[in-house]
Amino acid sequence: MKNSREQWGSRLGFILAASGSAVGLGNIWKYPHMAGQNGGAAFTVVYLLCILIVGLPILLGELAIGRKTQLSPVGAFNKLSNLSNWKWVGFLGVASAFVILSFYGVVGGWTLKYTLFALSGGFDSLSGSPDVSGQIFSEFIGSSLQPIFWQLIFMSFCMGIIIKGVKSGIEGGAKIMMPLILIILGLLVFKGLSLEGGKKGLEFLFKPKFSDLNPSSIVMALGHAFFTLSLGMGTMITYGSYLDEKQNLFTSAIWIILLDTFIAMLAGTAIFTIVFAMGADPSAGAGLIFVVLPTIFPQIGGGAIWGTLFFFILFMAALTSAISILEVITAYFIDEKGWSRNKATLLFGGIISLVGVFCSLSLGEFNITAPLNIPFFDFLDELASKYMLPIGGTLTALFILKKWSIKKFLKELLIGVKEQKFDKIFYQNVIKFLLIVSALIVILIIMNEAFNLLFPEYLQNAKNGWLLIFSVVVYFAFFI
Ligand code: TRP
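The structure contained in this document is the topic of the report that follows. (Residues numbered from 1 in each chain as written. Predicted model: local features only at pLDDT ≥ 70, side-chain atom pairs only at ≥ 80, totals over all residues. Heavy atoms only, no water.)

Counting its secondary structure elements, the protein contains 19 helices and zero strands. Scaling as 2.2 N^0.38, a compact globule of 480 residues should have a C-alpha radius of gyration of about 23 Å, and the protein matches this with 22 Å. The principal-axis extents of the C-alpha atoms in the protein amount to approximately 60 × 55 × 50 Å. Here the protein holds 480 residues, and 57% of them are scored as buried. Taking the contacts inside the protein whose residues are at least 6 apart along the sequence as the reference set, 81% of them involve residues at least 24 apart. On the protein, roughly 19,900 Å² of surface is accessible, and the fraction owed to carbon and sulfur atoms is 68%. (Helix = DSSP H or I, 4+ residues; strand = E, 2+ residues; numbered from the N terminus. Rg over C-alpha atoms; globule rule 2.2 N^0.38 Å. Buried < 20%, exposed > 50% of the residue type's maximum accessible area, 1.4 Å probe, protein only. Contact = heavy atoms within 4.5 Å. Areas by Shrake-Rupley, 256 points an atom, 1.4 Å probe, with all protein chains shown as cover.)

A few words on the site of the ligand. The full set close to the ligand counts 16 residues, and A22, L25, G26, Y104 and F227 are the nearest of them. In this structure, an oxygen atom belonging to the ligand sits 3.2 Å away from a side-chain N or O atom of N27. With respect to the ligand, the backbone of T228 contributes an N or O atom lying 3.2 Å from a nitrogen atom. According to the grid-proximity analysis, the pocket containing the ligand is the largest cavity. Elements with a contribution of two residues or more to the shell around the ligand: helix 1 (11-22), helix 2 (25-37), helix 10 (215-228) and helix 14 (303-337). Its residues assigned to classes, the shell around the ligand shows seven nonpolar, nine polar and no charged. (Near = heavy atom within 4 Å. Polar contact = N/O pair within 3.5 Å; in protein donor to acceptor, adjacent residues only side chain to side chain. 1 Å grid on protein atoms, 1.4 Å probe; cavity = no way out; pocket = protein on both sides within 12 Å on 5 of 7 lines; lining within 4 Å. Sits in = over half its atoms within 2 Å of the grid points. Nonpolar A, V, L, I, M, F, W, Y, C, P; charged D, E, K, R; others polar.)

Here we come to the pattern of salt bridges. Using the criterion set out here, one finds six salt bridges in the structure. Among the salt bridges present, the one from K175 reaches E171, with a minimum N-O distance of 3.6 Å. Placement of the pair is K175 and E171 together in helix 8 (residues 166-194), with a separation of four residues, close to one helical turn. For the salt bridge of D244 with K246, the shortest nitrogen-to-oxygen distance reads 3.6 Å. Residue K246 is classed as exposed on the basis of its relative accessible area, which comes to 67%. (Salt bridge = Lys/Arg side-chain N within 4 Å of Asp/Glu carboxyl O.)

With that settled, consider the packing of helix 17 (residues 406-414) against helix 18 (residues 424-454). One can describe the packing of helix 17 onto helix 18 by two numbers: an axis separation of 10 Å at closest approach and a directional angle of 110°. Overall, the two elements helix 17 and helix 18 adopt an arrangement that is roughly perpendicular. Where helix 17 crosses over helix 18, the handedness of that crossing is right-handed. For the pair helix 17 and helix 18, contact is made by I406, K407, F409, L410, L413 and L414 and by K424, Y427, Q428, I431, K432 and L435, respectively. Looking at the contact of helix 17 with helix 18 residue by residue, the classes come out as eight nonpolar, one polar and three charged. (Axes fitted to C-alpha atoms, helices over the stretch in contact; angles between N-to-C directions. Parallel < 35°, antiparallel > 145°, perpendicular 65-115°, else oblique. Left-handed = near helix turned anticlockwise from the far one by under 90°.)

Now for a nonpolar patch on the surface. Judged by side-chain polarity, L453, L454, F455, Y458 and L467 come together as a nonpolar surface patch covering roughly 530 Å² of accessible area. Mapped onto the elements of the fold, L467 is located in helix 19 (residues 462-479). (Patch = residues over 30% accessible without salt bridge, like charges linked within 9 Å, V, L, I, M, F, W, Y side chains within 5 Å.)

For the rest of this paragraph, the subject is a positive patch on the surface. On the surface, a cluster of positive charge is contributed by K68, K79, K403, K408 and K411. Looking at the secondary structure, you find K403 in helix 16 (residues 376-404). (Lys, Arg positive; Asp, Glu negative; His and termini not counted. Charge placed at Lys NZ, Arg CZ, Asp CG, Glu CD.)

Take the packing of aromatic side chains next. Scanning the entire structure with this criterion turns up 38 aromatic pairs. A ring pair is formed by F204 and F276, whose centres lie 5.3 Å apart and whose planes are at 45°; its orientation type is tilted. Within this pair, whereas F204 is found in helix 9 (residues 199-206), its partner F276 is found in helix 12 (residues 249-277), the two being separated by 72 residues in sequence. Given a relative accessible area of 17%, F204 falls into the buried group. Ring centres of W339 and F348 lie 6.2 Å apart, and the angle between their planes is 40°; this geometry places the pair in the tilted category. Residue F348 is classed as buried on the basis of its relative accessible area of 14%. One aromatic cluster in this structure is built from F103, W110, Y114, F117, F123, F137, F140, F290, F297, F310, F311 and F377. Its end group placed over the ring of F117, K113 keeps NZ or CZ at 5.2 Å from the ring centre. Positioned above the aromatic ring of W339 is the side chain of K343, whose terminal nitrogen or guanidinium carbon lies 4.2 Å from the ring centre. (Phe/Tyr/Trp six-rings, centres within 6.5 Å; stacked < 30°, edge-to-face > 60°. Lys NZ or Arg CZ within 6 Å of the ring centre and 35° of its normal.)

Okay, the layout of surface pockets next. Estimated volume of the largest pocket: approximately 1,100 Å³. Lining the largest pocket are 39 residues, with W29, K30, M34, D381 and S385 sitting closest to its centre. Those elements that provide at least two residues to the lining of the largest pocket are helix 2, helix 5 (87-119), helix 6 (130-142), helix 10, helix 16 and helix 18. Residues of the lining of the largest pocket, tallied by class, amount to 25 nonpolar, eight polar and six charged. Taken as a whole, the second largest pocket holds about 490 Å³ of empty space. Around the second largest pocket, the lining is made up of 17 residues, and of these P215, V219, L444, N448 and I469 lie nearest the centre. Broken down by secondary-structure element, the contributors of at least two residues to the lining of the second largest pocket are helix 10, helix 18 and helix 19. Sort the elements by how many residues they give to the lining of the second largest pocket and helix 18 lands first, with seven residues. Grouping the amino acids of the lining of the second largest pocket by side-chain chemistry returns twelve nonpolar, four polar and one charged. (Points joined across faces, edges and corners; volume = space filled by probe spheres on them.)

Secondary-structure assignment places I136 in helix 6. Each C-alpha atom, one on I136 and one on L293, is 13 Å from the other, the two residues being 157 residues apart in sequence. Setting aside anything within four residues of it in sequence, one finds I136 in contact with F117 and L126.

With that out of the way, let us pick up empty space enclosed by the protein. Scanning all chains against the criterion turns up two cavities of 30 Å³ or more. There is about 190 Å³ of room inside the largest cavity. Around the largest cavity, the lining comprises 18 residues; the ones closest to its centre are S21, Y104, F227, S230 and I325. Secondary structure elements with two or more residues in the lining of the largest cavity: helix 1, helix 2, helix 5, helix 10 and helix 14.

On to the side chain of T115. Position of T115 among the secondary structure elements: in helix 5. Given the relative accessible area of 9%, T115 is considered buried. At 2.6 Å, the side chain of T115 forms a polar contact with the backbone oxygen of T111.

This is how it looks when you write it as structure tokens:
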């Protein structure tokens with residue numbers, strides 16, 4: 001079986017594909033406004049710490065589990081745990097992939113629509129009027145047919161790439177799209193910095209304002225560190241499973257993190273230099289990209305082109321992430337059920353598109369989760385990013401600590417590493433410590449979310465908060 005399994009064509013190809021998964025809407029849409037509103041560089045420092053303490057150990061864990069077993073998540077947990085209940089962590093990953101892609105595909109469709117909208121000069125009529133732009137955007141996402149049309153086109157691209165397989169599809173696509181994203185973002189940064197007043201945007205994004213940093217922004221930075229590296233649903237297990245034993249997992253992980261962070265910062269720079277140069281509102285938050293940017297592109301020279309380029313990179317970033325989500329599901333049916341790649345991709349790509357249709361409709365007239373008082377779209381988003389992914393990530397860390405063993409994990413990490421003469425016990429302890437810390441932190445985030453949802457008043461009282469933290473830590477200490 002090992003020989004017939006597809007493998008990445010090159011190390012660079014793997015790094016581009018994995019960072020393609022990591023770089024997505026999270027980097028270009030979420031990070032810039034979160035950083036801008038939560039203390040600029042102060043937020044970025046916390047975020048980088050979270051990436052190193054929580055993100056890196058789990059990223060390494062997922063890559064190692066994948067490479068060791070040469071299987072996608074369900075099979076991988078099954079193999080390393082001798083068919084015990086840990087396989088449910090794998091199933092959770094497949095389920096999360098299903099949930100995330102359903103709404104991610106809808107947003108992917110929006111990016112396509114806005115690329116063509118910009119190209120056709122449509123932003124001109126929105127120049128300087130955020131109200132009109134906001135109305136056009138909400139009419140578009142709330143209408144029935146248009147967004148579904150674009151979503152289906154986006155999903156077809158996604159399925160088309162996955163059907164072509166690991167090497168020519170995923171890797172080939174990433175080798176074209178990732179350099180394009182870097183080059184175009186570089187051009188946009190250059191343009192932004194050359195605009196008069198653009199440098200003020202740099203200050204907004206990078207000047208540390210520690211007073212704007214509060215506990216909730218720290219929790220946000222933690223959650224985002226996790227989301228932006230695509231952790232918690234076995235994407236990196238799946239991508240790691242196409243690696244051979246020549247690769248050094250540690251340096252690969254560092255490259256993925258560096259590229260992901262670098263692109264988030266380039267995106268933030270491009271966006272805020274343009275926003276400040278044009279005197280637009282930097283605190284527009286989530287609406288910044290689809291509502292505010294279209295009103296300011298027409299005001300800069302060659303605006304239609306810059307606007308088109310911007311939405312085109314957003315589209316490519318969403319696509320390279322979306323394919324990594326679909327691959328988790330496709331790989332499961334290939335590995336565990338012996339299906340052909342075509343069948344798995346078309347059937348599940350199709351079902352996910354159908355669920356996506358209901359996500360899109362929920363922003364307009366027809367919402368199947370209306371009794372819960374939340375659009376189906378937001379329901380799936382919150383379910384995945386607040387609960388499923390963090391739980392999947394914590395369980396992955398616990399799996400390594402409790403079942404697989406740190407020793408075997410370190411052994412896998414050291415395959416492909418030339419320098420072998422160092423204190424292994426010391427590194428085992430460091431890894432153990434980091435995995436415990438990351439599992440613990442993520443559990444606390446999930447508890448915080450769950451309590452806020454179920455007992456909104458309970459955590460208002462700081463004493464209750466400390467009590468909760470204390471009991472989780474004590475419980476955890478016994479468990480480990
Ligand atoms: N990392 C992606 C982003 O920044 C989003 C994401 C979260 C994701 N989990 C994932 C992508 C799993 C692919 C697979 O937008």
